[in-house]
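Each chain, letter by letter, is given below.
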Amino acid sequence: MPARPLSRRHLLLGGAALVPLLAGRASAFGEKSRFIPAVARHGGRWDARLSGLRRIAWEVQRRTSVEVVPDARPFSLSSADLFEYPFLYLGSDGGFPPFSNAEVENLRRYLTFGGFLLADANDASDGDGFDASFRRELARVLPQSPLTPVPSSHVVFKSFFLLDSAPGRLLNKPQLLSANIGKRAAVMYSQNDVAGAWSRSEAGDYEFDVSPGGEPQRELAIRLGINLCMYALCLDYKDDAVHLPLILNKRR
């Protein structure tokens, strides 16, 4: 009988158990086998886009066959629980204080062992605010991995939808940036407030206008979010294989 794929979560934990993430199998393993976005708590306003994280998890479930829990789980960057979550979101609508040494070390271990971090400037800053704080802390966490532009040929732009841009609530920067460990993008960074385009109020209305492209741009930002989640789960599988039929059967 062929071996089942090893999940990102168990790669992070260093375990040998085989826990698939896709529909039809995940239900047998309970909540821990499902995709749940983790959110990094820090000394700034770390919770500005929790509704956006819950919404993109829901969109992943609606448009793919990945089983999810449509939640956003906050964790301290020094928490060992991070290693159970392959996708970690770090955002704020302003600057934030430096991480502790324990947080820097734990985040470095998380990223080195296979975790993925999406950093998102909710204030769309460039040189100040979130941007300045994030670049400062990333230089401490991964000093050998400077941010570089993500080329349009990168697998993140074809991990589920075929995309050629990286918009968010705004489109101030045409490209994502990444910090790479080897060939893997361990960190991707948007200065366009991508989660702002996903965010909905409790009444179900979108919380923020999207500029300059309006609702078509919002849809592209949602598709980008799904691709980022799929990249966190699957890494570079799309470089070497066509989409799995099981994943595709709900594609919109």
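These figures come from a predicted structure and were not determined experimentally.

Considering the environment of leucine 77
Alright, step 1. One can find leucine 77 in the loop between β2 (73-76) and β3 (87-92).
Alright, step 2. For leucine 77, a relative accessible area of 2% puts it in the buried group.
Alright, step 3. Between the alpha carbons of leucine 77 and valine 39 there is a distance of 9.1 Å; along the sequence they are 38 residues apart.
Alright, step 4. Ignoring any residue separated from it by four or fewer positions in sequence, one finds leucine 77 in contact with Ala40, Arg41, Leu82, Leu88, Phe99, Glu103, Asn106 and Leu107.

Notes on unusual backbone geometry
Alright, step 1. For the bond from serine 211 to proline 212, the omega torsion is 10 degrees, close enough to zero to count as cis.
Alright, step 2. With respect to the element layout, proline 212 can be found in the loop between α5 (194-198) and α6 (214-234).
Alright, step 3. Look at alanine 124: it is not a glycine, yet its phi comes out positive at around 50 degrees.
Alright, step 4. Considering the arrangement of structural elements, one finds alanine 124 in the loop between β4 (116-121) and α4 (129-141).
Alright, step 5. At aspartate 193, a position not held by glycine, the phi torsion is positive, near 55 degrees.
Alright, step 6. Under the relative-accessibility criterion, aspartate 193 is labelled buried at 0%.

Overview of the sheet that holds strand β6 (residues 177-181)
Alright, step 1. Strand order in the open sheet formed by seven strands is β2-β1-β3-β4-β7-β6-β5, and the pairing between neighbours is mixed. Both edges of this open sheet fall to β2 and β5 (148-149), since each of them pairs with a single strand only.
Alright, step 2. Of the pairings in the sheet, the one linking β3 to β4 comprises six bridges and is parallel in character. Residue pairing across strands places leucine 88 opposite leucine 117, the latter belonging to β4.

Calculation rules
- Residues numbered from 1 in each chain as written.
- Predicted model: local features only at pLDDT ≥ 70, side-chain atom pairs only at ≥ 80, totals over all residues.
- Heavy atoms only, no water.
- Helix = DSSP H or I, 4+ residues; strand = E, 2+ residues; numbered from the N terminus.
- Buried < 20%, exposed > 50% of the residue type's maximum accessible area, 1.4 Å probe, protein only.
- Contact = heavy atoms within 4.5 Å.
- Pairing = 2+ DSSP bridges.

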